[in-house]
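Residue-level structural notes
Below are the chains, spelled out letter by letter.
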Amino acid sequence: MARDQLLLALLCLAASSLSAQAAGTDGRKMVGVYELKMGDFSVKVTNWGARLMSLVLPDSKGNLADVVLGKDTIAEYVNDTSYFGPITGRVAQRISRGRFVLDGKVYHLYRNDGRNTLHGGGRGFHKVVWTVKEFVPDCDSPYITFYYRSFDGEQGFPGNLDAYVTYRLSNPYTLGVHMNATALDKPTPVNLLQHVYWNLAGHGSGDVLGHTLRLFASRYTVLDGELLPSSGRVAPVAGTPLDFRTPTAIGARIRQVMGGKVVGYDANYVIDGEPVSMRPVAQVRDGASGRAVELWANQVTMQLYTGNWLNNTKGKDGKVYNQYAGFTLETMGYVDAVNHPEFPSQTLLPGQEYKHDMVFKFSF
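In what follows, the accompanying structure is described. (Residues numbered from 1 in each chain as written. Predicted model: local features only at pLDDT ≥ 70, side-chain atom pairs only at ≥ 80, totals over all residues. Heavy atoms only, no water.)

What follows deals with the overall build of the protein. Counting its secondary structure elements, the protein contains two helices and 30 strands. Against the globule reference of 21 Å for 364 residues, the protein gives a C-alpha radius of gyration of 20 Å, in line with a compact fold. If one aligns the C-alpha atoms of the protein with their principal axes, the spans along those axes are about 60 × 50 × 40 Å. Residue burial in the protein is summarised as follows: out of 364 residues, 57% are buried. Partitioning the intrachain contacts of the protein with sequence separation of at least 6 by distance along the chain shows that 67% fall at a separation of at least 24. Accessible surface, the protein as shown: approximately 14800 Å² in total, 53% of it carbon and sulfur. (Helix = DSSP H or I, 4+ residues; strand = E, 2+ residues; numbered from the N terminus. Rg over C-alpha atoms; globule rule 2.2 N^0.38 Å. Buried < 20%, exposed > 50% of the residue type's maximum accessible area, 1.4 Å probe, protein only. Contact = heavy atoms within 4.5 Å. Areas by Shrake-Rupley, 256 points an atom, 1.4 Å probe, with all protein chains shown as cover.)

Next up, the structure:
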């Protein structure tokens, strides 16, 4: 048995080496769709925005369904404004007034959310072609790694930055998302996130208000009407509609919450436990299908969003997504930390590396 495992590991290493050589030869910058598959568990990703396009797995009766909201074609993702499945950056979520000060210099960013910058600007990491560095589909733990060189001044951010994202499948029914980035020549803020919408009943099957949610978070970041932490204050979730410390239906108190200017969750939670360590973040279950997911990550906060702005939005397979058709669990650093010295810094110095790991464990 050990001999077989060693042989399989050597084959995986060889495949990885060939993939890396191919990437080095042609850059693999053509936009494509790539599948990772382990039996009846599979995902599809694309290097347009390093995006997760689908995730298929069984329910409690063995019926397969795609539980990720999205589009049918790459062309449709190009004009997507809902952020279906991409990696967002260089700094995800909002930066107040599209500006920050670093080492005494004021940086002005591309503003694409009123007077603020959202998810890295109008052409953030979700709107660029990533290079396929490695694609190893035939392995005991298939994976793909995307790479992007963000240039000095892109969307207003300082310095060149190397960014990598790896999607990896493993048994049983586990998806790992691993993001890292290195500042090359100037200090720069970095805060990446994965913006996938989930519906464990299957995309396009209706709303997620009946899903039960448990969050390992006893505090939240107080956000204002622009979804910015203007006060820099963190408060307890106890006694508020944001309290999911025990399993509760997503829709149980949703009408009491304003996610910006609409009803629904768009809230930033402070994850319990030691920052930078892998720890539980969330557990979600759909009672009808029996599908469940448990998220572990190493970031300090998590943004819960319930698709508040979806409205007759065209999705995959002829499906239409309306309000609350999916939810996101976006682990990251504090929102607008670059303008809040009371929050942990997200600024990388040249040579420093940013690491962001997420593990989704599915069951049914």
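Moving on, there is more to tell.
We describe a pair of aromatic rings using the distance from one ring centre to the other and the angle between the two ring planes. Taken as a whole, this structure holds 18 aromatic pairs when the rule is applied. Ring centres 5.4 Å apart and planes at 70 degrees place the aromatic pair F125 and Y148 in the edge-to-face group. Of this pair, F125 sits in the loop between strand 9 (117–118) and strand 10 (131–136) while Y148 sits in strand 11 (residues 143–150), and the two are 23 residues apart along the sequence. This pair shows no difference in class: F125 is buried, exactly as Y148 is. With centroids separated by 5.8 Å and ring planes inclined at 40 degrees, the aromatic side chains of W130 and Y148 adopt a geometry described as tilted. Residue W130 is located in the loop between strand 9 and strand 10, and its partner Y148 is located in strand 11; the two are separated by 18 residues in the primary sequence. Residue W130 is classed as buried on the basis of its relative accessible area, which comes to 0%. Y148 sits in the buried class, given a relative accessible area of 7%. A connected cluster of aromatic rings, assembled from ring pairs, spans F41, Y173, W198, F360, F362 and F364. If you follow R253 out to its NZ or CZ, it ends over the ring of F244, 5.6 Å from the centre. In this structure, K361 packs its charged tip against the face of W296, placed 4.8 Å from the ring centre. (Phe/Tyr/Trp six-rings, centres within 6.5 Å; stacked < 30°, edge-to-face > 60°. Lys NZ or Arg CZ within 6 Å of the ring centre and 35° of its normal.)

The next subject is the side chain of N298. Mapped onto the fold, N298 is located in the loop between strand 24 (292–297) and strand 25 (301–305). Polar side-chain contacts of N298 include one of 2.9 Å to the backbone nitrogen of D357. (Polar contact = N/O pair within 3.5 Å; in protein donor to acceptor, adjacent residues only side chain to side chain.)

For the rest of this paragraph, the subject is the pattern of salt bridges. With the rule as written, the count across this model stands at ten salt bridges. Residues E76 and K314 are paired through a salt bridge, measuring 3.5 Å at the closest nitrogen-oxygen approach. With E76 in helix 2 (residues 74–78) and K314 in strand 26 (residues 313–314), the pair connects residues that are 238 residues apart, well separated along the chain. Ionic contacts of the salt-bridge type, sharing partners, join the residues R97, R115 and E226 into one network. (Salt bridge = Lys/Arg side-chain N within 4 Å of Asp/Glu carboxyl O.)

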